[in-house]
Amino acid sequence: KYVRSEMERQHIPGLALLVSRGGKIVLAEGFGLANVELQVPVKPETVFQSGSVGKQFTATAVMMLVEEGKVGLDDPLTKYFADAPATWKEVTVRELLSHTAGFGDYPDKFDFRKDWTEDEELKLVESIPLAFPPGTKWKYSNLGYLTLGVLIHRVTGEFYGDFLQQRIFHPLGMETTRIISEADIVPNRAAGYRLVKGELQNQEWVSPVVNTTADGSLYFSILDLAKWDAALYSEKQLTRSSLEQMWTPAKLKNGQPNKDGYGFGWSIGERHGHRVISHGGAWQGFETTIARFVNDQLTVVVLTNLAEAELGVIAEHVAEVYLADAKN
């Protein structure tokens, strides 16, 4: 009843909700429409776009390479990008992962409809001056994670999306999770929407390459994210020490944790006395969020197909219901 009322209030066409405890599904349910034009309902199998929730998979891939000794967290970027600006010598892999490198976001005049090559995207990133000395501040940076995707490619010789597929998605049985492709036939794919003057419209089109960058360009369903959540209780992908690094606010050069509480691909914080590791995403008519109340072994995932959706309030309310239920 609550979810449906919020969907009506926010004009959300479709929503998928996952609640799991200790890595086991408690609730996996679809609400509303995955495709408004065809009147297709959302199911647990419905595939949404990830937005920046995809960053945790990029960070996991980098940490796999760290564990294998192929990448060092404190390596300067110039080790992997020989032709990069001199300022990149001061930037470390650790700082890219934690958004403390001084990298920025896509420029205001960035052409999302140009079919950029990976090299062209990298040249664009290299052309933008650092916003601050590396390690001195925190600033969310999609371009930093785009660069990490290129780094994975250079170290492994594989497109980062192929690396994710081979090392994470396939081993965990995440059958729907993959890089976005508008051209491919993708069963159960939801359509993305936005509100324009209060009216529902389809998502805006972007070029295929822009839809494949490592800052968050994935398809997934709540059923796949349930498998991902379960794996995070184990050491299937990474050792516990690597996971704890990802789930600890990264320190600045002054020795203090960044005030935004960001680790590697995850935000770390507290809600009503409960430790929460979470991330949100927004891209091409989709909003997503995953919140892991780790000490309570409770995870809430909300996926929607509306660009303007306010998912934080929904995820938090749902979590409160289940946390309260656990006390009784």
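The structure presented is a predicted model; accordingly, all values stated were derived computationally and were not measured. (Residues numbered from 1 in each chain as written. Predicted model: local features only at pLDDT ≥ 70, side-chain atom pairs only at ≥ 80, totals over all residues. Heavy atoms only, no water.)

K.L.:
Teacher, can you tell me more about the sheet that holds strand 9 (residues 267-271) here?
P.N.:
Within the open sheet, the seven strands sit side by side as 3-2-1-12-11-10-9. Their pairing is antiparallel. The strands lining the two open edges of the sheet, one partner per strand, are strand 3 (40-41) and strand 9. Two strands pair when backbone bridges link them, and strand 10 (residues 274-283) and strand 11 (residues 286-293) are joined in this way by eight bridges, in the antiparallel orientation. Following the sheet pairing, S278 is matched in strand 11 by A291. Running at roughly 30° to strand 2 (residues 24-35), helix 1 (residues 2-10) makes contact with strand 1 (14-21) and strand 2 of the sheet. (Pairing = 2+ DSSP bridges. Helix = DSSP H or I, 4+ residues; strand = E, 2+ residues; numbered from the N terminus. Contact = heavy atoms within 4.5 Å. Axes fitted to C-alpha atoms, helices over the stretch in contact; angles between N-to-C directions.)

K.L.:
Would you mind going over the pairing of strand 11 with me for this structure?
P.N.:
Regular strands show a simple pattern: their side chains alternate between the two faces of the sheet. In terms of burial, strand 11 is largely enclosed, as eight of its eight residues are buried. Here strand 11 shows no split at all, with F286, T288, I290 and R292 on one side and E287, T289, A291 and F293 on the other all buried. Hairpin connection between strand 10 and strand 11: a loop of two residues separates the two successive antiparallel strands, and Q284 in this loop has a positive phi of roughly 50°. Across seven bridges, the pairing between strand 11 and strand 12 (residues 298-304) is antiparallel. Paired with T289 across the two strands is V302, which belongs to strand 12. Two successive antiparallel strands, strand 11 and strand 12, enclose a turn made up of four residues, where Q297 displays a positive phi of approximately 55°. (Buried < 20%, exposed > 50% of the residue type's maximum accessible area, 1.4 Å probe, protein only.)

K.L.:
What is the right way to read the pattern of salt bridges from this model?
P.N.:
Side chains that differ in sign of charge can pair as their charged atoms come close. A complete count under the given rule lists ten salt bridges for this structure. A salt bridge links R9 to E6; its shortest N-O distance comes to 2.8 Å. With R9 and E6 both in helix 1, this residue pair falls three residues apart, about one helical turn. Taking relative accessible area as the criterion, E6 reaches 10% and is therefore assigned buried. Residue K79 pairs with D75 through a salt bridge whose shortest N-O separation is 3.3 Å. Salt bridges linked by common partners bring E6, R9 and E310 together as one network. (Salt bridge = Lys/Arg side-chain N within 4 Å of Asp/Glu carboxyl O.)

K.L.:
When you look at the sheet that holds strand 4 (residues 48-49) in this model, what are you seeing that I'm missing?
P.N.:
By definition, the strands of a sheet pair up through backbone hydrogen bonds, in either a parallel or an antiparallel sense. Here three strands make up an open sheet; going across it, the order is 4-8-5 and the pairing antiparallel. This sheet does not close on itself; its edge strands, each paired only once, are strand 4 and strand 5 (178-179). Sheet topology note: the strand 5/strand 8 (residues 218-220) ladder contains two bridges and is antiparallel. Among the inter-strand pairings, R178 is bridged to a residue of strand 8, identified as Y219.

K.L.:
Any chance you could explain the side chain of T304 here in plain terms?
P.N.:
Relative to the assigned elements, T304 resides in strand 12. Residues within four places of T304 in sequence aside, it is in contact with I12, G14, L15, F48, G285, F286, E287, A309 and L311.

K.L.:
I would appreciate a short explanation of the packing of helix 2 (residues 55-67) against helix 6 (residues 160-169) in the present structure.
P.N.:
Angle between the axes and distance between the axes: these two values describe a pair of packed helices. The N-to-C vectors of helix 2 and helix 6 enclose an angle of 80°; their axes lie 10 Å apart at closest approach. The orientation of helix 2 with respect to helix 6, classified from their angle, is roughly perpendicular. Residue-level contacts link F57, T58, T60, A61, M64 and L65 of helix 2 to Y160, F163, L164, R167, I168 and F169 of helix 6. Each residue belonging to the contact of helix 2 with helix 6 can be placed in one class, and the counts come to nine nonpolar, two polar and one charged. (Parallel < 35°, antiparallel > 145°, perpendicular 65-115°, else oblique. Nonpolar A, V, L, I, M, F, W, Y, C, P; charged D, E, K, R; others polar.)

K.L.:
Teacher, can you tell me more about the nonpolar core here?
P.N.:
Ranked by size, the top nonpolar core spans 79 residues in total, and within it F57, L77, F81, V93, L97, W228 and M246 carry the most contacts. Within the second largest apolar cluster, 24 residues are counted, among which are V3, A191, V300 and V302. (Core = buried A, V, L, I, M, F, W, Y, C linked by side-chain atoms within 4.5 Å.)

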